[in-house]
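Per-entry structural report
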Amino acid sequence: MNIIMLQTQRPAKALIAILLLNLLIGCNNDMPTTKAVIPTVRLATITANDNIVKRRFTGRVEAISTVDLSFQVPGKITQLSAQEGTFISKGDLIAALDEHDYRLAVERASAQFKLAKLDVKRKRNLQRSGSLPKAALDQAETNFQLSRVALETAKQNLSYTKIIAPFDALISTRLIDNHANVGAYQAIVRVQALTELRVHIHIPEDLVPLLEQTDNFNAVAVFKDRPTQRFPIQYREHITEAGNVAQTYEVIFGLSREQNEHVLPGMTVAVIISKKNETSSADLNIPISALDYDTQGSPRVWIFKPQEKIVVSQNIRLSTRLKKNIIVLEGISVGDQIVTAGAHLLRNNMPVRPFISY
């Protein structure tokens, strides 16, 4: 009985082993083969940076300089010939103080100087003869020098009783009336130098590269009363600190007064800036995140080839860096699609998948 049972269990165990082996072989045949993961990249299409090919701004006319003139000594104004809105020439008298007290001061200082001069001359002769101590001569020499300084000071104060035009100017504002008593350095009149007019405009930060290539641009001024006329203006300077509110930069141009004699500080004017060569190719810019460097440290970008669905590296020549973009001079063209993130992980002819949306 036991012999029969052992014989029947052995074939059953062998059958189970064969079934398990077939099952394992079948599972191995159904396992999928491992495939290479194709990375997804974010792309940007290159467009022309034509926002500085031609732009129009509203400007404000200003004087080269605006100065408040004052007396350097106190006194009573006896003459104030300054008339607001009139032009004066360099050297013209603008205002004068009562000179009486200052002339007396000059006469007093002059008399003391003459006395000190005679005294020191007499004591020099006495000291040579040995009848005067050296200390007495030193005191006389000191008094003589002090009297000379006092006389020069009195004469200078007398000259300060007049305000003379320091340059050809326009009297914009009279700050005090005639016959008034004024203190030293109290503003009397405000004058503006108008040998050349200045036009101030404000440009956004994306136009800052314009300031590095001013020779490549024309700038003209257009006034409301002469809308068909164009008056050339020249770049003079710019302020490198951005405005707190509009985040713009102030640029200043020079405008000739020829044919603009009636233009006064404070007037508004339109400023048109355009490239000198309108047919020249526009600048191209790329996001800073798209910039990569090869093993030699040269800048490059990765260009997506839509037909092959691969990326290839392209070396570029850079120009000005903006806040978020950078201008490219050579290496790319309008319409190219470049990778804007993860460029350091790419390699030439690498298959990629363009990112569409989340």
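In this text the structure is predicted, and so the values were computed from the model without any measurement.

Okay, the overall build of the chain next. Looking only at helices and strands, the chain features 3 helices and 24 strands. Taken across its 358 residues, the chain has 33% of its residues classed as buried. Contacts spanning at least 24 positions in sequence make up 74% of the contacts within the chain whose residues lie at least 6 apart.

Here the focus is unusual backbone geometry. Even without being a glycine, Tyr-185 presents a positive backbone phi close to 65 degrees. Mapping Tyr-185 onto the fold places it in the loop between strand 10 (181–182) and strand 11 (187–204). The exposed category is assigned to Tyr-185, whose relative accessible area is 57%.

What follows deals with the nonpolar core. Core analysis: the biggest nonpolar cluster contains 31 residues, and Phe-71, Ile-77, Ile-94, Ile-188 and Val-189 have the highest contact counts within it. Of all the secondary structure elements, the ones that give two or more residues to this core are strand 5 (75–80), strand 7 (93–97), helix 2 (100–128), helix 3 (134–159), strand 9 (169–174) and strand 11. Membership of the second largest hydrophobic core comes to 26 residues, among which are Phe-57, Tyr-249, Phe-253 and Ile-273.

With that out of the way, let us pick up the sheet that holds strand 7. Spatially, 4 strands are ordered 8-7-5-10 in an open sheet, and the strand pairing comes out antiparallel. Two strands in the sheet have a free side with no partner beyond their single neighbour: strand 8 (162–164) and strand 10. The pairing of strand 7 with strand 8 spans 3 bridges and is antiparallel. Bridge pairing in strand 8 links Ala-96 to Lys-162.

With respect to the secondary-structure elements, Thr-161 resides in the loop between helix 3 and strand 8. As for Thr-161 and Pro-74, which are separated by 87 residues in sequence, their C-alpha atoms are 8.3 Å apart. Each residue touching Thr-161, except ones within four places of it in the same chain, is listed here: Phe-71, Val-73, Ala-95, Ala-96, Leu-97, Glu-99 and Tyr-102. A polar contact is formed between the side chain of Thr-161 and the backbone oxygen of Leu-158, at a distance of 2.5 Å.

What follows deals with a nonpolar patch on the surface. Taken together, the side chains of Phe-87, Leu-264 and Met-267 present a nonpolar region at the surface, about 260 Å² in accessible area. Note that Leu-264 resides in the loop between strand 14 (248–255) and strand 15 (268–275).

Turning next to helix 3. Helix length check: helix 3 (26 residues) gives 38 Å between terminal C-alpha atoms against 38 Å at 1.5 Å per residue, within 8%. Every buried residue of helix 3 is listed here: Leu-137, Ala-140, Phe-144, Ser-147, Leu-151, Ala-154 and Leu-158. Buried residues along helix 3 sit against helix 2.

Taking 1.5 Å of rise per residue, the 29 residues of helix 2 would be expected to cover 42 Å, and the 43 Å separating its terminal C-alpha atoms lies within 8% of that figure. Buried within helix 2 we find Tyr-102, Val-106, Ala-109, Phe-113, Ala-116, Asp-119 and Val-120. Residues of helix 2 that are buried in the fold lie against helix 3. Gly-130 lies just past helix 2 and shows a positive phi near 85 degrees.

This part takes up the pairing of strand 13 (residues 226–238). With 3 bridges connecting them, strand 12 (residues 217–223) and strand 13 associate as antiparallel partners. The residue of strand 13 that forms the bridge with Phe-223 is Arg-226. Counted between consecutive antiparallel strands, the loop separating strand 12 from strand 13 contains 2 residues.

We now examine the side chain of Arg-198. In this structure, Arg-198 sits in strand 11. Apart from the residues within four sequence positions on either side, Arg-198 is in contact with Arg-60, Val-61, Glu-62, Ala-63, Ile-64, Arg-236, Glu-237, Ile-252, Phe-253 and Gly-254.

Okay, the environment of Leu-346 next. Here Leu-346 lies in the loop between strand 22 (337–339) and strand 23 (350–351). For Leu-346, a relative accessible area of 11% gives the class buried. On a C-alpha basis, the gap between Leu-346 and Val-312 in space is 8.8 Å, while along the polypeptide they are 34 residues apart. Not counting the four nearest positions on each side in its chain, Leu-346 is found in contact with Val-41, Trp-302, Val-311, Val-339 and Val-352.

All right, on to the pairing of strand 11 then. For strand 11, the buried fraction is high: 13 of the 18 residues fall into the buried class. Strand direction decides the pairing type here: strand 4 (residues 54–70) and strand 11, joined by 10 bridges, are antiparallel. The partner of Ala-63 across the bridge, within strand 11, is Leu-197. Taken together, the 5 bridges between strand 9 and strand 11 define a ladder with antiparallel strand orientation. Bridging from a neighbouring strand, Arg-174 pairs with Val-189 of strand 11. The pairing of strand 11 with strand 14 spans 8 bridges and is classified as antiparallel.

Thresholds applied
- Residues numbered from 1 in each chain as written.
- Predicted model: local features only at pLDDT ≥ 70, side-chain atom pairs only at ≥ 80, totals over all residues.
- Heavy atoms only, no water.
- Helix = DSSP H or I, 4+ residues; strand = E, 2+ residues; numbered from the N terminus.
- Buried < 20%, exposed > 50% of the residue type's maximum accessible area, 1.4 Å probe, protein only.
- Contact = heavy atoms within 4.5 Å.
- Core = buried A, V, L, I, M, F, W, Y, C linked by side-chain atoms within 4.5 Å.
- Pairing = 2+ DSSP bridges.
- Polar contact = N/O pair within 3.5 Å; in protein donor to acceptor, adjacent residues only side chain to side chain.
- Patch = residues over 30% accessible without salt bridge, like charges linked within 9 Å, V, L, I, M, F, W, Y side chains within 5 Å.
- Areas by Shrake-Rupley, 256 points an atom, 1.4 Å probe, with all protein chains shown as cover.
- Salt bridge = Lys/Arg side-chain N within 4 Å of Asp/Glu carboxyl O.
- Expected span 1.5 Å × (residues − 1).

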